[in-house]
There are 2 protein chains.
Amino acid sequence: MTTGNKLANKVVYQQGLGQHHTIACENCSMNAICQPVEADGQILDLSKNYLSKQIPVSAQNSELPHNHTQIKNSTLFKEQTPLTSIYAVCSGVFKLCVTSKDGYEKVVGLRYPGELIGEDALFLERYNYSAIAIGQSSVCEVSVEQFSSCGKLVPELQQNLIQLLSKQSYVRQTNFQSFIGKKSADSLLAAFLINVTKRNEAYSGSSSQLNLIVSRNDVANFLGLRRETLSRVFAKFQKEELIKIEGKIIHLLKKELLCDLANFHS
Amino acid sequence: MTTGNKLANKVVYQQGLGQHHTIACENCSMNAICQPVEADGQILDLSKNYLSKQIPVSAQNSELPHNHTQIKNSTLFKEQTPLTSIYAVCSGVFKLCVTSKDGYEKVVGLRYPGELIGEDALFLERYNYSAIAIGQSSVCEVSVEQFSSCGKLVPELQQNLIQLLSKQSYVRQTNFQSFIGKKSADSLLAAFLINVTKRNEAYSGSSSQLNLIVSRNDVANFLGLRRETLSRVFAKFQKEELIKIEGKIIHLLKKELLCDLANFHS
DNA sequence: TATTAACCTTGATCTAAATCAAATTTAAAC
DNA sequence: GTTTAAATTTGATTTAGATCAAGGTTAATA
């Protein structure tokens, strides 16, 4: 039986600059399976024991050539490698990329604090994208092997995982619906800003301010626009006072109008 | 304990024209939770008892004005209504739509035989799109209430649902990746044809032939193209002998080239 | 089979975004 | 703090797809 919400994960890494903090467990998607459960009359707190730990992902762990990009952006896992763990973002951002035959790296997703990475690999037991940290970021890790050996014994834990996965299915579908069939640069960016602000609401504590963290290049790549086009749309939105830009921080001044734009088709 | 694969669902509706047949259970996404499981030493076959039944969706059940569109396309459920069941398509096709404030109906997904509809509503317990049958179609229905009352007692059933949901998460992510950031009409259509053919492979028995069933209008709407543009790209693909068109039947003649196009960005 | 209405295709023009080219701002390295 | 490189913005031109307008098909109905 669930014994209520508690801070489940030990913080073994803390970002120093205060620019982004670690998300509270109650706001994390992983929370459903971090809950202590009852097994054979005992309370089993997976997070306390071995399932979750917070690990930093930053400059140090790159075996790649020593250039700027790799120093900043370190890889959590590579596409097509076997699934070992699923992760939840604790701080920072991760970009999810697939590389096509011609070597082009396409951004297929962004994951902000509290969001899951790699749970869609449970099916094929192979990651279907690379996960790359933007700047200094950290994750909570759940070993799939350990979780499933535990889960077989504890129905409650399974129940929680079902919750987690069904929610995830919802999140994915909603994401898909936000972007499929949107062609104009205006509606794409509006949809993107609304989407990401909403996802960060609990973490940032604001429904109208947003720290993108990722570069314009990555946003443009994700949306399928050229960086020049994205830049122009950002400029236009600011001129029309829909948003206010302070570097990577975006203020949504007229959210209603942005929503209208986001829902606008053709 | 799972006792292996068997035809789980009674066929209470059969399409007469032979144009599309009912999918075999072993090829259906729902199959994971239709498996007989062991409970208290007994075999519990949910499909045999009450959980699944095949129901037709066609002209009869429409309470809408008696015009052509509604006669042919009947609604399985409406967006924003409370979740009661999740469905698997048995035959035909369903389009998933959301209606925006201005009344425009946007196609946000297509579901072919063997695919799930509505499982992403488990989270909010409210459907987040309308599901509309294209022509005569049929589904298997699982009552969420009945399933969950059953599932609490049978861990094995939960295990199967986890399988189902994690696979679904994968399918959604893959779908998303196929389309996000694709802008050229060529790459969108190529990605669409590859995607849908792959999804129908088990059902249709062909990896190079495809019965779209849905109208060009719906495809264009889904992809965010104008019907004229879609028509031109179809014509171009045929001229270049990438595909051969026979009404709604599309033959993929040069799949490799289509894949290249689909992965092509910029 | 004729009639009508969806549905789909083709042509001409216009427009939004890509592309090419530079300038400017920002951040990293020395 | 200065230098250098990366990231972002702005401008001019080109192009792919939207739009407007007909013309054909196909399929449903009488």
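Residues numbered from 1 in each chain as written. Chains lettered and ligands numbered in written order. Predicted model: local features only at pLDDT ≥ 70, side-chain atom pairs only at ≥ 80, totals over all residues. Heavy atoms only, no water.

- The name an unreviewed UniProt entry assigns to chain A is Cyclic nucleotide-binding domain-containing protein, from the organism Litorilituus lipolyticus.

**Things to note about the overall build of chain A**
Now for step 1: Across its full length, chain A holds nine helices and 11 strands.
Now for step 2: Within chain A, contacts between residues separated by at least 24 positions form 70% of all contacts whose residues are at least 6 apart in sequence.
Now for step 3: Per element, the accessible surface of chain A, about 12100 Å² overall, is 52% carbon and sulfur. (Helix = DSSP H or I, 4+ residues; strand = E, 2+ residues; numbered from the N terminus. Contact = heavy atoms within 4.5 Å. Areas by Shrake-Rupley, 256 points an atom, 1.4 Å probe, with all protein chains shown as cover.)

**Structural notes on the sheet that holds strand 9 (residues 209-211) of chain A**
All names here are of chain A.
Now for step 1: A sheet is described by the order of its strands in space; here three strands give the open sequence 9-11-10, paired in antiparallel fashion. A strand with exactly one partner marks an edge of an open sheet, and here the two such strands are strand 9 and strand 10 (243-246). With direction set aside, neighbouring strand axes in the sheet form an average angle of 15°.
Now for step 2: Pairing of strand 9 with strand 11 (residues 249-252) involves three bridges; the strand directions are antiparallel. (Pairing = 2+ DSSP bridges. Axes fitted to C-alpha atoms, helices over the stretch in contact; angles between N-to-C directions.)

**Focus on the sheet that holds strand 9 (residues 209-211) of chain B**
Residue and element names in this part refer to chain B.
Now for step 1: The sheet built from three strands is open, its strands ordered 9-11-10 with antiparallel pairing. Each end of this open sheet is capped by a strand with a single partner; those strands are strand 9 and strand 10 (243-246). Neighbour to neighbour, the strand axes of the sheet diverge by 15° on average, direction disregarded.
Now for step 2: Together, strand 9, strand 10 and strand 11 (249-252) form the strand contacts of helix 6 (residues 185-204), whose direction differs from that of strand 9 by roughly 90°.
Now for step 3: Against the sheet, helix 8 (residues 227-239) makes contact with strand 10 and strand 11, and its axis sits at roughly 120° relative to strand 10, the strand it touches most.

**Some remarks on the state of the cysteines**
Residue and element names in this part refer to chain B.
Now for step 1: Tallied over the full model, the rule gives zero disulfides over all chains.
Now for step 2: Free cysteine: C28, not disulfide-bonded; nearest cysteine sulfur from C140 at 6.3 Å.
Now for step 3: Accessibility expressed as a relative area gives 14% for C28, which makes it buried. (Disulfide = S-S within 2.5 Å. Buried < 20%, exposed > 50% of the residue type's maximum accessible area, 1.4 Å probe, protein only.)

**Structural notes on the pattern of salt bridges**
Now for step 1: A complete count under the given rule lists 14 salt bridges over all chains for this structure.
Now for step 2: Put simply, R172(A) and E119(A) hold a salt bridge, and the shortest N to O gap is 3.2 Å. Here the residue R172(A) occupies a position in helix 5 (residues 155-179), and E119(A) occupies one in the loop between strand 7 (116-117) and strand 8 (130-143), the gap between them amounting to 53 residues.
Now for step 3: On the basis of relative accessibility, which here comes to 0%, the residue E119(A) falls in the buried class.
Now for step 4: A salt bridge links K95(B) to D218(B), with the shortest nitrogen-to-oxygen separation between them at 3.1 Å. Within this pair, whereas K95(B) is found in strand 5 (residues 85-99), its partner D218(B) is found in helix 7 (residues 216-223), the two being separated by 123 residues in sequence. Across this residue pair, the class does not change: K95(B) and D218(B) are buried.
Now for step 5: Connected through shared salt-bridge partners, K95(A), E105(A) and D218(A) make up one network. (Salt bridge = Lys/Arg side-chain N within 4 Å of Asp/Glu carboxyl O.)

**What to know about helix 7 (residues 216-223) of chain A**
Now for step 1: Of all eight residues making up helix 7 of chain A, six are buried, and the element is well covered by its neighbours.
Now for step 2: Phi turns positive one or two residues past the end of helix 7 of chain A, at G224(A), with a value near 75°.

**Looking at unusual backbone geometry**
All names here are of chain A.
Now for step 1: One non-glycine residue, Q80, lies in positive phi territory at about 75°.
Now for step 2: With respect to the element layout, Q80 can be found in the loop between strand 4 (75-77) and strand 5 (85-99).
Now for step 3: We classify Q80 as partly exposed; its relative accessible area is 47%.

**What about the interface of chain A and chain B?**
Now for step 1: At the interface, 47 residues of chain A touch 47 residues of chain B.
Now for step 2: Taken together, the two surfaces of chain A and chain B that pack against each other cover about 4400 Å², and 62% of this comes from carbon and sulfur.
Now for step 3: For the pair chain A and chain B, the number of links is zero salt bridges.
Now for step 4: Between the two partners, chain A and chain B, sit four residue pairs in polar contact (both at pLDDT 80 or more). (Buried area = accessible area lost by both parts, 1.4 Å probe. Polar contact = N/O pair within 3.5 Å; in protein donor to acceptor, adjacent residues only side chain to side chain.)

**Considering the packing of aromatic side chains**
Now for step 1: Evaluation of the coordinates by the stated rule reveals 16 aromatic pairs over all chains.
Now for step 2: Relative to Y87(B), the ring of F77(B) has its centre 6.0 Å away and its plane inclined at 25°; by these criteria the two rings are stacked. Taken together, the residues span a long stretch of sequence, with F77(B) in strand 4 (residues 75-77) and Y87(B) in strand 5 at a distance of 10 residues.
Now for step 3: Note on F77(B): relative accessible area 6%, which makes it buried.
Now for step 4: These aromatic residues form a ring-pair network of at least three members: F77(A), Y87(A), Y127(A) and Y129(A).
Now for step 5: Lying over the aromatic face of F234(B), R216(B) brings its terminal NZ or CZ to 4.5 Å of the ring centre. (Phe/Tyr/Trp six-rings, centres within 6.5 Å; stacked < 30°, edge-to-face > 60°. Lys NZ or Arg CZ within 6 Å of the ring centre and 35° of its normal.)

**Here we look at the relation of the copies chain A and chain B**
Now for step 1: Superposition of chain A onto chain B requires a rotation of 180° combined with a translation of 0.0 Å along the rotation axis, giving an RMSD of 0.0 Å. Taken together, these values place the two copies in the relation of a two-fold axis.
Now for step 2: Take the interface residues of chain A: 100% of them recur as interface residues in chain B, which is what a same-surface contact looks like. (Least-squares fit on C-alpha atoms with pLDDT ≥ 70 in both.)

**Details of the confidence of the model for chain A**
All names here are of chain A.
Now for step 1: Residues at a pLDDT of 70 or more form 80% of chain A, whose mean pLDDT is 78.
Now for step 2: Within chain A, the element-level pLDDT minimum falls on helix 3 (residues 68-72), averaging 32, and the maximum on helix 8 (residues 227-239), averaging 95.
Now for step 3: Predicted confidence for residues 59-72 stays below pLDDT 50, and this span has 10 contacts to residues more than four positions away or in other chains. (pLDDT = per-residue confidence, 0-100.)

**What about the nonpolar core?**
Now for step 1: Of all hydrophobic cores here, the largest spans 75 residues; its most connected members are F192(A), L193(A), L223(A), F192(B), L193(B) and L223(B).
Now for step 2: Sequence-distant contacts of L223(B), defined by excluding residues within four places in its chain, comprise G181(A), K183(A), F179(B), L188(B), L189(B), F192(B) and L230(B). (Core = buried A, V, L, I, M, F, W, Y, C linked by side-chain atoms within 4.5 Å.)

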